[in-house]
Amino acid sequence: MELWKNYSWRLHKMNKISSLTKVLLKNSFQKYSENNKKTSQIGKVILYGILLVYLMGIFGFLSYGLITTLQQVHQEAMFIGIFLLGLALLTIIQSIISATNVFYFSKDLDYILPLPLKPREILISKLNVILVTEYVMELIFAVAPITVYGILTSAGAMYYIVSLLVLIIFPIIPILIATFIIMIIMSFSKGVKNKDRFKLIAPLLGIILALVLSFAFSGTSELSEADLLKALTQANSMVEMVRDSLPIIKPGINAIVNSSFIEFLKLLGITAICYIVFILIGNKLYFRGAVGNLDSGAKKGKNITGKDIKINLVGKSYVAKEFKMLFKNPIFFVQCVLPSVLMPVVFLGIFIVSINSNNSQEAISEFQNVLSGFIETPIGLAAILALTEFLTSMLYIAPTAISRDGQNAIFMKYIPVPYYKQLVYKGIPNVVFGTITSIIVLVFVYVVAKTSILFLLTAFVLNLVLLILQTILMKLVDLRKPKLEWSTEYAVVKQNMNLLWPFVLNLLEIGIIFIVSIPLSFTNYLITAVILALLHIIITYFVNRYIYNNQAKLFDKVS
């Protein structure tokens, strides 16, 4: 009887967690069910299916190129190390941003915290929400590379089974690390006066701390120079370096490379222990930061005097307003700007640290030699443009240019500034931050492959041309269907269907870049650059003329 009571209590507890998880997921993915028409739902499913296949095809193609390149130097096993290292870092960065929003900045806290729920029940439910989003990310980014590797290396059935199990378990530890870092930071939020500023700083501090920890691990390898030289003669020497530099992913790499179920069980055991420890610690930490964050921390309005009023040019004032909106609103900055700018910074930092590591200099030099003959070619230029296009597809400034104003967007119709000029001003922040992303990518390319200045300038100019076209198209998308009715800033990004289009259009753009570049692969990269630049300048001209000639009609939905 006592045993049954115990079981019933646990079942009731699990039902609470399951029910809360379903509610939170429904709220998070509310944007996918805004229209209940059956035809609309079928259309969305078809669109998402096509997009998924296209994305998987792109990453499968990129993986094929990298694996075949590594096979030429008998280092194909290095791909799994690179893949899991990149997946771990991507998961940690995305989870830090997601955990900040899901655990602390979401409006559901006002309703959930007063309910008779234990902290660990809320904690586990919100963890489940983040885990589901990471599984969606894995479906897009991870399945195709793993499949391509298995095909190219003629792996057996056990490889695919173990790889699937690893991908199910692998995101949990990075999510726990990211969430724990955010919990530590947010536990101090109750004593912070300016909470809006703290909301902006918290995820940045979390990511910096995560990188510091990663860099700290990167120096833990104990290979001597003699061991390194010996290891470089083996097929999976570079995998050994990567896995030793990040012990957290060592079992995952061993499990996939060796198709080892025993190594997967080690990963499962480590994950289970980390999960239990996290729940025990998080049970004490979470409420402290969550309750402290309920205080809005709004500052008293400042009395404006004649001295505070400055006369500026209209364009300068308008652009300054757009930048202030991004910097002063932490959710807009974290969601619209941070992912695109931060991703290349992270990988550049990791590579620089790797170069300075005595244990990896020779391996990196060998990899640089392979790349040196590839980069300054039409295909190499296309690859760099494709990478920048992918990163800027996570830049959500232009696709939310109108939506971020909400119901205040109506002021655009009343101020004495032409609609077209306002659109130009609203697009400038997108071009600025996209250019920053482009510069970081080119610095990374220079550090990795030591390319010429002429090649870097060519890539920079082309990136700028592509970015201007991307910005214009994204503003047009937002004008077509602006999301002006929203209760929280978080909904502008997380419940906005417009943000599907940057991925769609940028991936189509990547396809165009390779379609033009591949037939010209036997020519000089400058010829490819000129053709791509002329093509996109022509497209930009016609799209820009369309917006200019139809600006009044396009603004009909802004009301």
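Residues numbered from 1 in each chain as written. Predicted model: local features only at pLDDT ≥ 70, side-chain atom pairs only at ≥ 80, totals over all residues. Heavy atoms only, no water.

The next thing to look at is the overall build of the protein chain. What the protein chain contains, in helices and strands, is 24 helices and 0 strands. If you sum the accessible surface of the protein chain, you get close to 27100 Å²; carbon and sulfur atoms cover 68% of it. (Helix = DSSP H or I, 4+ residues; strand = E, 2+ residues; numbered from the N terminus. Areas by Shrake-Rupley, 256 points an atom, 1.4 Å probe, with all protein chains shown as cover.)

It is worth spelling out the side chain of E134 at this point. Assignment of secondary structure puts E134 in helix α5 (residues 119–141). For E134, the contacting residues outside a window of four places in its chain are T91, Q94, S95, P171 and I175. (Contact = heavy atoms within 4.5 Å.)

So, on to the nonpolar core. In terms of nonpolar packing, the biggest core is built from 109 residues, with I80 and L84 touching the most fellow members. Ranked by residues supplied to this core, first place goes to helix α3 (residues 78–105) with 12 residues. Those residues in contact with L84 that sit more than four places away from it in its chain are F170, I249, G252, I253 and I256. With 32 residues, the next largest nonpolar core counts L117, L123, M186 and I279 among its residues. (Core = buried A, V, L, I, M, F, W, Y, C linked by side-chain atoms within 4.5 Å. Buried < 20%, exposed > 50% of the residue type's maximum accessible area, 1.4 Å probe, protein only.)

Turning our eyes to something else, we now look at unusual backbone geometry. Although it is not a glycine, S154 sits at a positive phi angle of roughly 55°. Inspection of the secondary structure puts S154 in the loop between α6 (143–152) and α7 (157–169). Unlike most non-glycine residues, S259 shows phi in positive territory, near 50°.

Given a rise of 1.5 Å per residue, 31 residues ought to cover 45 Å, and the 45 Å separating the end C-alpha atoms of helix α19 (residues 419–449) matches this to within 8%. Of all the bends in α19, the greatest reaches close to 25° and is centred on G427; the proline P429 follows between one and four positions later. A positive backbone phi angle near 55° is found at K450, which sits one or two residues after α19. (Expected span 1.5 Å × (residues − 1). Bend = angle between axes of the 7 residues up to and from the residue.)

With that settled, consider the pattern of salt bridges. Side chains that carry opposite charge are capable of pairing whenever their charged atoms lie near each other. In total, this model carries 5 salt bridges according to the counting rule given. Close ionic contact of K266 with E263 constitutes a salt bridge, the shortest N to O distance being 3.3 Å. In this pair, K266 and E263 are both assigned in helix α13 (residues 261–293), 3 residues apart and thus about one turn of the helix distant. Residue classification places E263 among the buried residues on the basis of a relative accessible area of 15%. One salt bridge in this structure joins E322 and K321, with 2.6 Å as the shortest N-O distance. Residue E322 is classed as buried on the basis of its relative accessible area, which comes to 1%. (Salt bridge = Lys/Arg side-chain N within 4 Å of Asp/Glu carboxyl O.)

The contact between helix α22 (residues 501–517) and helix α23 (residues 525–549) brings their axes to 10 Å, and the two run at 135°. Looking at the two axes, α22 sits oblique to α23. The crossing of α22 and α23 is right-handed. For the pair α22 and α23, the contacting residues are E509, I512, I513, V516 and S517 in the first and T528, I531, L532, L535 and H536 in the second. (Axes fitted to C-alpha atoms, helices over the stretch in contact; angles between N-to-C directions. Parallel < 35°, antiparallel > 145°, perpendicular 65-115°, else oblique. Left-handed = near helix turned anticlockwise from the far one by under 90°.)

Interaxial distance between helix α20 (residues 453–480) and α22 falls to 11 Å at its minimum, and their mutual angle equals 145°. Relative to α22, α20 is oriented so that their crossing is right-handed. Residues L466, L469, Q470, L473, M474 and V477 of α20 touch α22, and the partners they reach there are W501, P502, L505, N506, E509 and I513. Each residue belonging to the contact of α20 with α22 can be placed in one class, and the counts come to 9 nonpolar, 2 polar and 1 charged. (Nonpolar A, V, L, I, M, F, W, Y, C, P; charged D, E, K, R; others polar.)

Taking 1.5 Å per residue, 15 residues should reach 21 Å; helix α18 (residues 378–392) reaches 21 Å between its end C-alpha atoms and fits that length. α18 sits mainly inside the fold: 12 of its 15 residues count as buried. By the burial criterion, the buried members of α18 are P378, G380, L381, A382, I384, L385, A386, T388, E389, F390, L391 and T392.

Moving on: the packing of aromatic side chains. Applying the stated criterion across every chain yields a total of 15 aromatic pairs. Each ring, one from F261 and one from F264, has its centre 5.7 Å from the other, and the planes form 40°; the classification is tilted. Of this pair, F261 and F264 both sit in helix α13, separated by 3 residues, roughly a single helical turn. The exposure class assigned to F261 is partly exposed, which follows from its relative accessible area of 37%. In this structure an aromatic cluster arises from ring pairing among F79, F83, Y149, Y159 and Y160. (Phe/Tyr/Trp six-rings, centres within 6.5 Å; stacked < 30°, edge-to-face > 60°.)

When you line up the elements, L499 lands in the loop between α21 (489–494) and α22. Given a relative accessible area of 8%, L499 falls into the buried group. Sequence separation between L499 and T400 is 99 residues; the distance between their C-alpha atoms is 8.1 Å.

Turning our attention to a positive patch on the surface. A cluster of basic residues, R480, K481, K553 and K557, forms a positive patch on the protein surface. Examined against the element boundaries, K557 turns out to sit in the segment after α24 (551–554). (Patch = residues over 30% accessible without salt bridge, like charges linked within 9 Å, V, L, I, M, F, W, Y side chains within 5 Å. Lys, Arg positive; Asp, Glu negative; His and termini not counted. Charge placed at Lys NZ, Arg CZ, Asp CG, Glu CD.)

Below, the discussion takes up the confidence of the model for the protein chain. For the protein chain, the average pLDDT comes to 75, and 71% of its residues sit at 70 or higher. In the predicted structure, residues 1–11 sits below a pLDDT of 50 and forms 2 contacts with residues beyond four places in sequence or in another chain. Scored below 50 in pLDDT, residues 295–302 makes 6 contacts in the model with residues more than four places away or belonging to other chains. (pLDDT = per-residue confidence, 0-100.)

As a further point, take the side chain of Q422. The topology assignment puts Q422 in helix α19. Taking relative accessible area as the criterion, Q422 reaches 0% and is therefore assigned buried. Beyond its immediate sequence surroundings of up to four residues, Q422 is in contact with Y318, M412, I415 and V417.

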